[in-house]
Amino acid sequence: MFGWLLRLVVSCLDVLREVLASVLGESAGKIVDWLSWKISGTHKIQRISSSYKGLDKMRRIEKCLGNSQHKELQNFREYTSVSELSATILKVKNISAAKDPEFIARIDTTFHPMCEINKLTKEATTLKRTKYDVENEEHEMTLLSLWNSLQPDRELESRVSEMWGDIGFQGNDPATDFRGMGVLGLQNLHYLAKNKKTGAKLLAASNHPQYGFSLAITSINLTAILMQMLESGLLRSHFYFKCCHGGSRSVTLNDLHEAHCSILGDFVKFYQDRKPATIMEFNTHKAAYTEVLKEKLSSDSPLLETVQ
C-alpha cells in the first residue's frame, strides 16, 4: 500500500515538474526533481525509463540528460558506445544493480538507439565536411554513376560539360556545386538516382514548363536542411520512431539517404502544388517547407514516408 502511494506521489511530482519548468524555467523544475529524488530514492532518468515507452521515453531521456548539471551527461550526443554512456550515467547518478536492477537490465534497449543515432550524426558530419575531390577516383566514379542512373540512354560527352545542367547542376563541373554539403550531397543524390524509381520521376518533374526546378541543386539544398534537422535534434525523433516502433535496432547512413529521398519527394510535391509564379520564389517555398518539416518531426508521428 505504501509503495503504491509513494509511486503516485512521485508521479504527481513529475507532472508538477513539467508545469513549473514550462512556466518558471528549468531551475524550478530541478527543485521538484530534487524533491522527487529525496522521496523516492530514484533519479528522474530511472523513473522515465520505467514509466514511459518508445519515442516518448527517448525524447524525455534526451531532455533529462540535456538539462543535467553534469557536462558528461549534457554531452550525451558524443557517445557512440552504449557501455561508455551507461557507465557514465551510473557513475554520475550513483546507480547500482543493487539499488535498481530493473534499470540496469533496460540499459541496452534504452540507450542503444541513442548511440546508433550519435554514430550516424558523426559519420554524416564527416561526409559533409569532406570536399569533393576531382583527383579522388571514388568521387569521380560515383559522379559518373549518378549521370548514368539518371540518363541511362545518353552518354556524357565529357567530364566537364553543359550536359550536367540537364540533371540540375548549375555549372559545367558538378564538383563546384557540392562545396556546401561535400561528399554527403553527392552520396544522397546518387542513392536516390541509383536505388529509387522516384529519381526518374523527380527529374521529369523538374522539367515542368511552369513549375520546374534544378533537381541536383534542390537535392543539395534538401541535404542541407536534413543536416540542420539532424544537428538540432529534430531528425532524431524520426530515427527513434523507426527503432522503437519499427522493429529495427540499427541506424545507418542508408537510413539518412532514405530520409533525404523522402523529404526531397515531399518538397517537390509541396513546391509544385503551390504553383510558384517564377523560380525566384524557390527560397520562399523552401523556407515554408522547412517549417512544415519541423512540425512533422516534432509531432507524435515523426516517421518520414519511405519512397520507392
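Residues numbered from 1 in each chain as written. Predicted model: local features only at pLDDT ≥ 70, side-chain atom pairs only at ≥ 80, totals over all residues. Heavy atoms only, no water.

A.B. asks: Help me out: how do you make sense of the side chain of Thr-142 in this one?
C.D. replies: Position of Thr-142 relative to the elements: it lies in helix α8 (residues 137–150). Excluding residues within four positions of it along the chain, Thr-142 makes contact with Leu-186 and His-190. (Helix = DSSP H or I, 4+ residues; strand = E, 2+ residues; numbered from the N terminus. Contact = heavy atoms within 4.5 Å.)

A.B. asks: Whenever I open this one, the pattern of salt bridges confuses me. Can you help?
C.D. replies: It is possible for side chains of opposite charge to pair when their charged atoms get near one another. All chains considered together, the criterion is met by 14 salt bridges. The closest approach of N and O atoms between Glu-258 and Lys-196, which form a salt bridge, is 2.9 Å. Separated by 62 residues along the polypeptide, Glu-258 in helix α13 (residues 253–273) and Lys-196 in the loop between α9 (182–195) and α10 (198–206) bring together distant segments of the chain. By relative accessible area, which is 12% here, Lys-196 ends up buried. Two residues, Lys-294 and Glu-291, come together in a salt bridge whose shortest N-O distance is 3.5 Å. With Lys-294 and Glu-291 both in helix α14 (residues 282–297) and three residues apart, this pair spans about one turn of that helix. Accessibility expressed as a relative area gives 47% for Glu-291, which makes it partly exposed. Linked by salt bridges that have partners in common, Glu-140, Arg-159 and Asp-173 make up one network. (Salt bridge = Lys/Arg side-chain N within 4 Å of Asp/Glu carboxyl O. Buried < 20%, exposed > 50% of the residue type's maximum accessible area, 1.4 Å probe, protein only.)

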